[in-house]
Structure formats: C-alpha cells, structure tokens
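Take a look at the letters that make up each chain.
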Amino acid sequence: ESVSMVKRASMLDQHKKSSCARVRVAVRLRPYMEEKEEDKVPTACVRGLDSHSLEIVNWRNQLETMQYQFDAFYGDSASQREIYMGSVCHILPHLLIGQNASVFAYGPTGAGKTHTMLGNPDQPGVIPRAVRELLQMTRMAASAPENENWTYTITMSYVEIYQEKVMDLLEPKNKDLPIREDKDHNILIPGVTLKTINSFGDFDEHFIPASQNRTVASTKLNDRSSRSHAVLLIKVQKSQQVAPFRQLIGKLYLIDLAGSEDNRRTGNQGIRLKESGAINSSLFTLSKVVDALNQGLPRIPYRDSKLTRLLQDSLGGSAHSVMITNIAPEQTYYFDTLTALNFAAKSKQIINKPFSRETTQTVAAQPAMKRPREEAEATTSS
Ligand code: ADP
Ligand code: MG
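What counts as what
- Residues numbered from 1 in each chain as written.
- Chains lettered and ligands numbered in written order.
- Predicted model: local features only at pLDDT ≥ 70, side-chain atom pairs only at ≥ 80, totals over all residues.
- Heavy atoms only, no water.
- Buried < 20%, exposed > 50% of the residue type's maximum accessible area, 1.4 Å probe, protein only.
- Helix = DSSP H or I, 4+ residues; strand = E, 2+ residues; numbered from the N terminus.
- Pairing = 2+ DSSP bridges.
- Axes fitted to C-alpha atoms, helices over the stretch in contact; angles between N-to-C directions.
- 1 Å grid on protein atoms, 1.4 Å probe; cavity = no way out; pocket = protein on both sides within 12 Å on 5 of 7 lines; lining within 4 Å.
- Points joined across faces, edges and corners; volume = space filled by probe spheres on them.
- Nonpolar A, V, L, I, M, F, W, Y, C, P; charged D, E, K, R; others polar.
- Core = buried A, V, L, I, M, F, W, Y, C linked by side-chain atoms within 4.5 Å.
- Contact = heavy atoms within 4.5 Å.
- Salt bridge = Lys/Arg side-chain N within 4 Å of Asp/Glu carboxyl O.
- Phe/Tyr/Trp six-rings, centres within 6.5 Å; stacked < 30°, edge-to-face > 60°.
- Lys NZ or Arg CZ within 6 Å of the ring centre and 35° of its normal.

A.B. asks: What exactly am I supposed to notice about the pairing of strand β1 (residues 23–29) here?
C.D. replies: Regular strands place side chains that alternate from one sheet face to the opposite one. Of all seven residues in β1, six are buried, a share of seventy percent or more. Where β1 meets strand β14 (residues 320–327), seven bridges bridge the pair, whose relative direction is parallel. Bridge pairing links R24 to V322 in β14.

Have a look at this one:
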C-alpha cells in the first residue's frame, strides 16, 4: 500500500511538472468586420461552440464541419477583461516569488494580436492591465509585515526581433544586441536598456515613444510591424535589505508576435519575401518549441531562433506560459485560420454535418413554398 502511495505521489509530481512546462493555449475570435459594400452577406466561416471549442467549415468537404478544442476559447463578444481574468492574471503572483512567465499573441495580421496585447484607452489589453496589477501587487507585498526587510523593484525593457536581429526600442541606436546565458541558465541581453517603473505613468512615459519608434520604422518599411516580434519584458526584483541580501527575480515577457500568415500565398516578393522567410522560420521554431513542450519531448529546440532562445528561461520548464491565438471569422482568412488552429488545438474532430451559416437580413425572407417549421430552420441553416 505504501508503495502505491509513493507511486501516486511521484505521479502527481510528474503531473505537476508537466502541467507547468505545458504552454496553455487560448483562442480568441475577433468580431466579424463589415465589408465595404453595404449589402454584402457576411461570410463568417468560424463559430464558437462553448468556452473550449469552436467549429469551422471543412473546405475539402462541404458536408462536414471541423471542431477544435483548446484550453480556453473566447468568442467574438468576449471583453478585454475576460481575456485578462481568464488567461493572464493568475500567472502574475508567481513573478513575485522569482518565477518566470510569458504571454504571447499569435495569429495572422488583422486577427487582433495588437488589440489583445495593447488594446486602446477605452479597451485596454493584456499589457496595461498586467503592468497596473503588478505595480499594485508589489506595493501590497512591500507593506506586508513578513516583507519588512525586503524591497520590490519593477523594471522594463522593450525590444523588437526583426530578421533575427534584436533591436532596443527604448534606445534605437542599439540595433543588433546579443543574447547570452549566465552560469545559472538565466537568459539575458547585455547592453539592453532597463527603465525602473514606480507608477503606471512611468511605464507610459517609456512605452509610448518606444512604440512610436516601432511605428515609424514600420511605415518606412511597408508595415514591418506585422513581420517583427515586439517583446516587452517586465522584471520584478525582490531584494533583501539585510544579510544575506537575497534576491529573487521574476521575468514576464509580453509578446506581440509577427503575423503568422503564409506570405508565399499572399504573394509578397523581393525583400519582403526574404523578411517573411526569416519570420516564418522564427515562428516555425516557436511552434516546434510549443509542440515539444506540450508533448513532453526530451529535446526542445530553443536555440534554433532568436525569439525562442530569448524565451528559453521563460517558456516551458518551471515558467508559466500562455499563448493567445487570434483568429478572424472572414472567409478571406480561412487558410491562415486553419494553420493557426492546427497549431493551437489540443484535439480536432470531423463532424458529419454541413457548417450552418447564420445570415442576418434586413427584410424577412419569404420562402412561399415552405411550411412554418421549415421556415424557422431555414434562418439558421443553409
Ligand atoms: P493584428 O495586430 O493581429 O494585425 P489588430 O489587433 O490590429 O490585428 O486588429 C485588426 C483590427 O481589428 C483593428 O482595427 C482592431 O481594433 C480590430 N479588432 C481586433 N480584435 C478586436 C476585438 N476583439 N473587438 C473589436 N475590434 C477588434
Ligand atoms: Mg498588430
């Protein structure tokens, strides 16, 4: 009996380890955006089913629908607060005890990555919410009696990874920064700018001009922002003010990834094709890393790209990681949506029924030949 107890305990331990190394994957469907032509019928090809799954048209067979399952699914009416409360806020307490975490937004350009991470003043996204809450949490913790001899410091760095080069958005003259690993296996960027933030105002003061650095570059280079990774690092340091002067450092990466669209299909050429090649290989490595972590494989290919190398100590292992995959419902995104879903899904199922398109009409349809019951059904399926 005691043997089985030990066995169970070690299995639990194993489970704890693997569930920690796992990357949680959430999917967020953005609302349908109206076409220019007024009378165009919406052609949404994706629909949410519940808080874990969605269904999508099977383009190979119109008589079938595909259903996908995720750790979490957020439908097109989900608020910024819901995303934050459901998938992000629970990882923040770990940062105060010296653990690392990462949150990244994945998906094709136009599907809502920046909206999810940054949002706007009326609908703030993950970044402003997490920064505000971390500031508040450290303030609270600092005033707790058991932390009498400890102080908390929050610092930020903000870099862009573009064509496998790390650039400092807080100091644009730092254009190709190295990534190093110290003897304790911490990953760092020597020479990157670090700013201390004591208030949300401090954060804004550094973050807003840095984001403009990114936007300026992007208009010059034809929307480079969709082909680079924006990596915000928030570091929480807890320092003991008396001997032995212990220090705990927790790192949080908040990342707006490059667009996952296949540029060979959308017909980008010349330098843009070369750029997208580099980006695709970096995103491809990220997908291999996430897959390897979630399948519990022994070798994780962190070193195969700058992005994953930088994330090595904050993605998998004892770190807490969440990937929010953003998708769009319009037909034009269909193949990019499928690619994103196949990467994000825990499971996929083919259902033997046609995808039902809900249509909205300004005037009630008049199917004269149908009986009332069929008429009602005709509005929800076609
Ligand atoms: P990406 O960063 O993936 O290219 P964006 O975040 O820029 O995509 O989103 C494209 C457009 O869709 C923007 O105008 C954005 O405001 C809007 N949008 C995205 N997600 C939502 C949402 N959940 N609700 C309302 N508008 C959204
Ligand atoms: Mg964007």
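A.B. asks: Could you clarify how one ought to interpret the sheet that holds strand β2 (residues 46–48) in this entry?
C.D. replies: Sheets are built from strands paired through backbone hydrogen bonds, the pairs being either parallel or antiparallel. The four strands are arranged β2-β3-β4-β15 in an open sheet whose pairing can be described as antiparallel. In this open sheet, the two edge strands, each paired with only one partner strand, are β2 and β15 (347–351). Put simply, the sheet's adjacent strands are angled 25° from each other on average, direction ignored. Here three bridges tie β2 to strand β3 (residues 53–57), and the two strands are oriented antiparallel to one another. Pairing of R47 across the sheet is with E55, part of β3.

A.B. asks: So what exactly am I meant to see when it comes to the layout of surface pockets here?
C.D. replies: Rolled over the atoms, a probe with the dimensions of a water molecule shows which regions are left empty. Space inside the largest pocket adds up to approximately 780 Å³. Lining the largest pocket are 37 residues, and of these T114, M117, L118, G119 and F207 sit closest to its centre. Of all the secondary structure elements, the ones that give two or more residues to the lining of the largest pocket are α4 (113–117), α5 (126–142), α6 (200–220), β12 (229–240) and β13 (247–256). If you tally residues by element for the lining of the largest pocket, the top one is α6, at nine residues. Considered class by class, the residues forming the lining of the largest pocket number 18 nonpolar, 12 polar and seven charged. Of the volumes computed, that of the second largest pocket is approximately 490 Å³. Together, 25 residues line the second largest pocket, and N186, I187, L188, K235 and K251 are the ones closest to its centre.

A.B. asks: Even after reading the chapter, I still don't get the nonpolar core, so can you show me in this structure?
C.D. replies: Most often, soluble globular proteins have nonpolar side chains that are buried together. Counting 47 residues, the largest nonpolar core has L54 and I56 as the members making the most contacts within it. Here this core takes six residues from helix α10 (residues 334–344), the largest share from any one element. Setting aside residues up to four positions removed in sequence, I56 forms contacts with C45, V46, T65, M66, Y68, Y334, T337, L338, L341 and F355. With 43 residues, the next largest nonpolar core counts V88, C89, L92 and V322 among its residues.

A.B. asks: What should I look at first to understand the pattern of salt bridges in this one?
C.D. replies: A side chain of one charge can pair with a side chain of the opposite charge if their charged atoms are brought near each other. Tallied over the entire structure, the rule returns 10 salt bridges. For the salt bridge of K173 with E171, the shortest nitrogen-to-oxygen distance reads 3.7 Å. Overall, the relative accessible area of 64% leaves K173 in the exposed class. Assessed through its relative accessible area of 30%, E171 is described here as partly exposed. One network of salt bridges, with partners in common, ties together R47, E55 and K353.

A.B. asks: I'm lost on the packing of aromatic side chains in this one. Help?
C.D. replies: To describe a pair of aromatic rings, one takes the distance between the centres and the angle between the planes. On inspection of all chains with the given rule, the structure shows seven aromatic pairs. The ring of F200 carries R132 above its face, with NZ or CZ at 3.9 Å from the centroid. The ring centre of W150 lies 4.8 Å from the NZ or CZ of K238, which sits over that ring.

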